[in-house]
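Chain residues, written in single-letter form:
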Amino acid sequence: MIKNICCIGAGYVGGPTMAVIANKCPDIKVHVVDLNEQRIADWNADDFSKLPVYEPGLDEVVKEARGRNLFFSTKVDEAIQEADAIFISVNTPTKTYGVGKGMAADLKYIELCARQIASVATTDKIVIEKSTLPVRTAEAIQNILKNTGNGVNFEVLSNPEFLAEGTAVNDLMKPDRVLIGGSETPEGQKAIEALVAVYANWVPKENILTTNVWSSELSKLTANAFLAQRVSSVNALSELCEHTGADINEVSRAIGTDSRIGPKFLKASVGFGGSCFQKDILNLVYISKSYGLTEVADYWEQVIIMNDHQKRRFAANIVKTLYNTVSGKEISLLGWAFKKDTNDTRESAAIYVCDELLNERANIRVYDPKVSASKVYTDLDYLDTRSSEENESLVSVVNDPYESCKGAHAIAIMTEWDEFKTYDWQKIYEQMQKPAFIFDGRNLLDVPKLEAIGFKVYSIGIGK
Ligand code: UDX
Ligand code: ADP
């Protein structure tokens, strides 16, 4: 029976997942550890609105369990030593060097974790892959554990996370399914049962699926690939709508009511972002190529090509509409996060659209309700297109949306934050340069209402 859990990695996955496990299983001690001291300090903050991950409802969940059976610290070795089950929730970014650069997952952090577990552990452990990993990573982890350990037994399970950011607490409390993959040996089955028992504290048994390890690893990658493919499909149609006079919202509703297709994930956008979709598809493409499956690789790669096209054409449309020049013009970007209700900006379309506009020498103002100024600059600096001094001189990050739009030539909606719908658009219009333009990359705002005020509106996927 699992009584003591250690989770390595206190990020967007590890933090919320462990908070919910601790909340639902008061008898299990849950210890979340991370090398990043600031992150741990933020998880331990007295003010629950300062947690490092913003998720609706997360503060309440942490408040109930923290100090009772949920602990955050940097004492990685101690937590490993005490635990019966260790979740690996560290980041697996796309490789930026060497073989597979730009495509394969960088497993450096995973391997370091496995080596650390092996060197510290003096009792048997169940080691659980939580991060999304290329299929057959468990084999590598098992090998490292076996060959470098102190002779104790390790059983490796795959238990991928399906939570979406912005709805993490609800997704964890009421998951569509929990997936647990393990080896087909008696020891593997015993480990699976132990982890099933943890989730069975709040998830109905029929929603807990068990498979072999490879199916579990591959299911996670492909679930994300299918979701991303739907967004790229609808975004491909959005461009066609703009040329034919169709309205993507109407088309989405019409196709989504077919029960075989379903209504979710058919919202046109400026392009998907987030830490998973692009990374996982690139991973899938890389794996397919490495098995010589060129057609399979090309098929999935097209999802990314479409997404890059959507971001670029949104920026190009702004430039074209503003009389083919934005040099020296003020453009206000509303939203920087990759979707609403999160402070995560990884792969956010806003970063790329901003970059294209900066290439055209625009002056950019950014407002996001949950993203800090330093994050915006870090994201831009990371692109390496221009120096951080240039980024700071061309981009200003403001705390007030009205301030951000004052005197601007155009506004671009990058994230679908609910609060944008409640603004006094009449007031914003009055304070802008004329003609005043809005480029709605999320199909969020009421186009006729804005046009009645006097705005010139482009909303993605709506043909005229
Ligand atoms: C995704 C998966 O949904 C989740 O199951 C997995 O565990 C991790 O990856 P996440 O990246 O948090 O979750 O967000 P998701 O809600 O899937 O959105 C991804 C991107 O697609 C966002 O940029 C979102 O704005 C965009 N999107 C989503 C659309 O553009 N249109 C849609 O209809 C849905
Ligand atoms: P995710 O979205 O997958 O949770 P994050 O980047 O938000 O990704 O979180 C991953 C966390 O893992 C980071 O806080 C990072 O500091 C931590 N981490 C990476 N490697 C290690 C390690 N070897 N030991 C402890 N923590 C680690």
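Structural data are supplied above this passage.
Scope of this entry: the structure provided in the associated data block. (Residues numbered from 1 in each chain as written. Chains lettered and ligands numbered in written order. Predicted model: local features only at pLDDT ≥ 70, side-chain atom pairs only at ≥ 80, totals over all residues. Heavy atoms only, no water.)

Around ligand 2, the surrounding shell holds 15 residues, and the nearest of these are Tyr-12, Val-13, Asp-34, Arg-39 and Arg-346. With respect to ligand 2, the backbone of Val-13 contributes an N or O atom lying 2.9 Å from an oxygen atom. Between an oxygen atom of ligand 2 and a side-chain N or O atom of Arg-39, the distance comes to 2.7 Å. Coverage of ligand 2 by the protein amounts to 88% of the 580 Å² it exposes when considered alone. Looking at the shell around ligand 2 residue by residue, the classes come out as 7 nonpolar, 5 polar and 3 charged. (Near = heavy atom within 4 Å. Polar contact = N/O pair within 3.5 Å; in protein donor to acceptor, adjacent residues only side chain to side chain. Areas by Shrake-Rupley, 256 points an atom, 1.4 Å probe, with all protein chains shown as cover. Nonpolar A, V, L, I, M, F, W, Y, C, P; charged D, E, K, R; others polar.)

Taking 1.5 Å per residue, 32 residues should reach 46 Å; helix H9 (residues 213-244) reaches 47 Å between its end C-alpha atoms and fits that length. The opening residue of H9, the one whose side-chain oxygen lies 2.9 Å from the backbone nitrogen of Trp-214, is Asn-212. One or two steps after H9, the chain reaches Gly-245, where phi turns positive at roughly 85°. (Helix = DSSP H or I, 4+ residues; strand = E, 2+ residues; numbered from the N terminus. Expected span 1.5 Å × (residues − 1).)

In this section: the packing of aromatic side chains. Using the criterion set out here, one finds 15 aromatic pairs in the structure. For the ring pair Trp-43 and Phe-72, a centre distance of 4.9 Å and an interplane angle of 5° mean the geometry is stacked. On the criterion of sequence distance, the pair formed by Trp-43 in helix H2 (residues 37-43) and Phe-72 in strand S3 (residues 70-73) is long-range, its members being 29 residues apart. You can call Trp-43 buried: its relative accessible area is 0%. Here the aromatic rings of Phe-314 and Tyr-458 are separated by 6.2 Å at their centres, their planes lie at 50°, and the arrangement is tilted. Of this pair, Phe-314 sits in helix H12 (residues 294-321) while Tyr-458 sits in strand S14 (residues 456-459), placing them 144 residues apart in sequence. Given the relative accessible area of 13%, Tyr-458 is considered buried. Across the ring face of Tyr-54, the terminal group of Lys-370 is positioned such that the distance to the ring centre comes to 4.3 Å. Note that Lys-427 overlies the ring of Tyr-402, its terminal NZ or CZ placed 4.6 Å from the centroid. (Phe/Tyr/Trp six-rings, centres within 6.5 Å; stacked < 30°, edge-to-face > 60°. Buried < 20%, exposed > 50% of the residue type's maximum accessible area, 1.4 Å probe, protein only. Lys NZ or Arg CZ within 6 Å of the ring centre and 35° of its normal.)

It is worth spelling out a nonpolar patch on the surface at this point. Taken together, the side chains of Tyr-291, Leu-293 and Val-296 make up a nonpolar region of the molecular surface, amounting to roughly 290 Å² of accessible area. Along the chain, the position of Leu-293 falls in the loop between helix H11 (277-290) and H12. Using a relative accessible area of 40% as the deciding quantity, one classes Leu-293 as partly exposed. (Patch = residues over 30% accessible without salt bridge, like charges linked within 9 Å, V, L, I, M, F, W, Y side chains within 5 Å. Salt bridge = Lys/Arg side-chain N within 4 Å of Asp/Glu carboxyl O.)

Glancing now at the pairing of strand S7 (residues 178-182). Burial analysis of S7 places 5 of its 5 residues in the buried class, which makes it a mostly covered element. Burial of the side chains of S7 extends over both faces: Val-178, Ile-180 and Gly-182 are buried on one face and Leu-179 and Gly-181 on the other. Note that S7 and strand S8 (residues 208-212) share 5 bridges and pair parallel. Directly across from Ile-180, in S8, lies its bridge partner Thr-210. (Pairing = 2+ DSSP bridges.)

Let us look at the sheet that holds strand S11 (residues 395-397). Within a sheet, neighbouring strands are paired by backbone hydrogen bonds and run either parallel or antiparallel to one another. If you trace the 6 strands from one edge of the open sheet to the other, you get S11-S10-S9-S12-S13-S14, paired in parallel fashion. Here the strands that pair on one side only, and so sit at the sheet edges, are S11 and S14. Going across the sheet, the axis of each strand differs from the next one's by a mean of 20°, ignoring polarity. The pairing of strand S9 (residues 330-334) with strand S12 (residues 410-413) spans 4 bridges and is classified as parallel. Paired with Leu-333 across the bridge in S12 is Ala-412. (Axes fitted to C-alpha atoms, helices over the stretch in contact; angles between N-to-C directions.)

The next subject is the site of ligand 1. Neighbouring ligand 1 are 20 residues; Phe-162, Glu-165, Ser-269, Lys-339 and Arg-442 lie closest to it. Within the contact set of ligand 1, an oxygen atom lies 3.3 Å away from a side-chain nitrogen or oxygen of Lys-220. One of the side-chain N or O atoms of Lys-339 is found 2.7 Å from an oxygen atom in ligand 1. If ligand 1 stood free it would expose 670 Å²; the protein chains cover 91% of that surface. Residues of the shell around ligand 1, tallied by class, amount to 11 nonpolar, 3 polar and 6 charged.

Attention now goes to the pairing of strand S6 (residues 154-158). The element S6 is largely enclosed, with a buried count of 5 among its 5 residues. Bridge analysis of strand S5 (residues 125-129) against S6 gives 5 bridges, and the strand direction is parallel. Looking at the pairing, Ile-128 lines up with Leu-157 of S6. Crossover S5 to S6 through helix H6 (residues 137-148) is right-handed. (Right-handed = clockwise from strand over helix to strand, strands pointing away.)

Turning our attention to the state of the cysteines. This structure, assessed with the given rule, holds 0 disulfides. Cys-113 takes part in no disulfide bond, and the closest cysteine sulfur to it belongs to Cys-6, at a distance of 8.9 Å. (Disulfide = S-S within 2.5 Å.)

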